[in-house]
Amino acid sequence: MNGDAPKLPSPRGPLSEAVVTMLSGRGDVVAPPVGDADPFGEDLQLALYVCYELHYRGFSGVDDAWEWDPGLLRVRGELERVFEAGLRARVAGGDDVDEVLEPLLVEPVDGDGLSYHLKDRGDRRQLREYVVHRSIYHLKEADPHAWVIPRLTGRAKAALVAVEFDEFGGGRAEMMHSRLFADLMEELDLDPAYGAYLDVAPAQMLAVVNMMSLFGLHRSLRGALTGHFAAAEITTSPSARRMALALERLGVGPRGTLFFTEHVEADAVHEQVLRTDVLGDLLEREPELAADVVFGVQATELVEERFGAHVLGCWRAAEPVSSLLRPLP
Ligand SMILES: [Fe+2]
Ligand SMILES: [Fe+2]
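Summary of the structure given here. Just so you know, these numbers come straight off a predicted model, no measurement behind them.

Calculation rules
- Residues numbered from 1 in each chain as written.
- Chains lettered and ligands numbered in written order.
- Predicted model: local features only at pLDDT ≥ 70, side-chain atom pairs only at ≥ 80, totals over all residues.
- Heavy atoms only, no water.
- Phe/Tyr/Trp six-rings, centres within 6.5 Å; stacked < 30°, edge-to-face > 60°.
- Helix = DSSP H or I, 4+ residues; strand = E, 2+ residues; numbered from the N terminus.
- Buried < 20%, exposed > 50% of the residue type's maximum accessible area, 1.4 Å probe, protein only.
- Lys NZ or Arg CZ within 6 Å of the ring centre and 35° of its normal.
- Axes fitted to C-alpha atoms, helices over the stretch in contact; angles between N-to-C directions.
- Parallel < 35°, antiparallel > 145°, perpendicular 65-115°, else oblique.
- Left-handed = near helix turned anticlockwise from the far one by under 90°.
- Contact = heavy atoms within 4.5 Å.
- Nonpolar A, V, L, I, M, F, W, Y, C, P; charged D, E, K, R; others polar.
- Donors = N, O, S within 2.8 Å, 3.2 Å for Na, K, Ca; no water.

Tallying each qualifying case throughout the model produces five aromatic pairs. The interplanar angle of 80° and the centroid separation of 5.9 Å between the aromatic rings of F40 and F83 together place this pair among those described as edge-to-face. With F40 in the loop between α1 (14–23) and α2 (42–53) and F83 in helix α3 (residues 70–89), this residue pair connects regions lying 43 residues apart in the sequence. Here F40 matches F83 in class, with each residue buried. Seen in terms of ring centroids, F259 and F260 are 5.0 Å apart; in terms of plane orientation they differ by 85°. Their pairing is edge-to-face. In this structure, F259 and F260 share a single accessibility class: buried. Grouped by ring-pair contacts, the aromatic residues F181, F259 and F260 constitute a single cluster. Above the plane of the ring of Y194 lies R57, whose end atom (NZ or CZ) is 3.9 Å from the centre. For R88, the ring lying beneath its charged end belongs to F295, and the centroid distance is 3.9 Å.

So, on to the packing of α2 against helix α10 (residues 203–217). Where α2 meets α10, the closest approach of the two axes is 9 Å, and the angle between their N-to-C directions is 45°. Accordingly, the angle class assigned to the pair α2 and α10 is oblique. α2 and α10 meet at a crossing whose hand is left-handed. For the pair formed by α2 and α10, the contact residues are E42, Q45, L46, L48, Y49 and Y52 on the first element and A203, Q204, L206, A207, V209, N210, S213, L214 and L217 on the second. Of the residues belonging to the contact of α2 with α10, the class tally is ten nonpolar, four polar and one charged.

This paragraph deals with the coordination of the iron ion (ligand 2). Distances from the iron ion (ligand 2) to its protein donors, E167 (OE), E233 (OE), E233 (OE), D267 (OD) and H270 (ND1), fall within 2.1 to 2.4 Å. Along the chain, the residues donating to the iron ion (ligand 2) are arranged with the sequence spacing E-x65-E-x33-D-x2-H. Separation of the iron ion (ligand 2) from the iron ion (ligand 1) amounts to 3.9 Å, with E167 serving as a shared donor to the pair. Of this pair, E167 sits in helix α8 (residues 154–167) while E233 is found in helix α11 (residues 222–249), placing the two residues 66 residues apart along the sequence. A relative accessible area of 5% places E233 in the buried class.

Structure follows, in structure tokens:
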């Protein structure tokens, strides 16, 4: 057990209720059938998130042995099957990697995503909400991608590890991207503790992280993980530039903006390394993975679009509401 680990979250339906009850040791629970659950719904996404978290930091008061409990793994497998099928059903597919990466390299002149909104007219309340959402990933930044390292070889492996070295601070704990994000949270008077906001993060955000864990934890999805990683690095550099401007406009100091300013330069390089060295080498060795790489790119776009649409939908409603499950105090 891990004393610093987050608390188990509150369930959001029968599936997450069953998983949380099992982990809290309140007896043997038979999970309800997963089959007809909404792959993107609050209940399935939280249940899956809790299963995956056992591979990262775990939960306080929960026995570490649950990580490899066959009964829980069977439940997780069913949740994953529904989620993966949901992703596959909603993307175009194909096997032309350049064709799906090319459009990501072009910045729309009149972009309308979250970072554009925050740069041009976001307020401090919206910025804090955005940071709370993203904390679900950024406080474990680049951990899901580390699972793929043993599944790669040669130049693809060496290059991916070089990117991960940067993500983890290049040997300096205070420069780990997860640490820089925690610094930003402190600057915004938010709780930087790992998992502190799990209970208010909606399914749209959990799906972004669950997708990474799904791709990372399955060797069979190594192509999808590298495709996802490349897509994420390509799109981060320009959006980090907009976020740095948003923070400056809203009066956040340099300790807060460092997370984003660091990513403007770093991800411009990471993008090249991922495309040329990681994907280039991987597809030379295993050309049959091209369709999985394409799936990883398209699934990333899908979950990010769903997340952005949810948040902007809440903020731009006739009666604006919080995009979190509960508004921040
Ligand atoms: Fe990073
Ligand atoms: Fe990066």
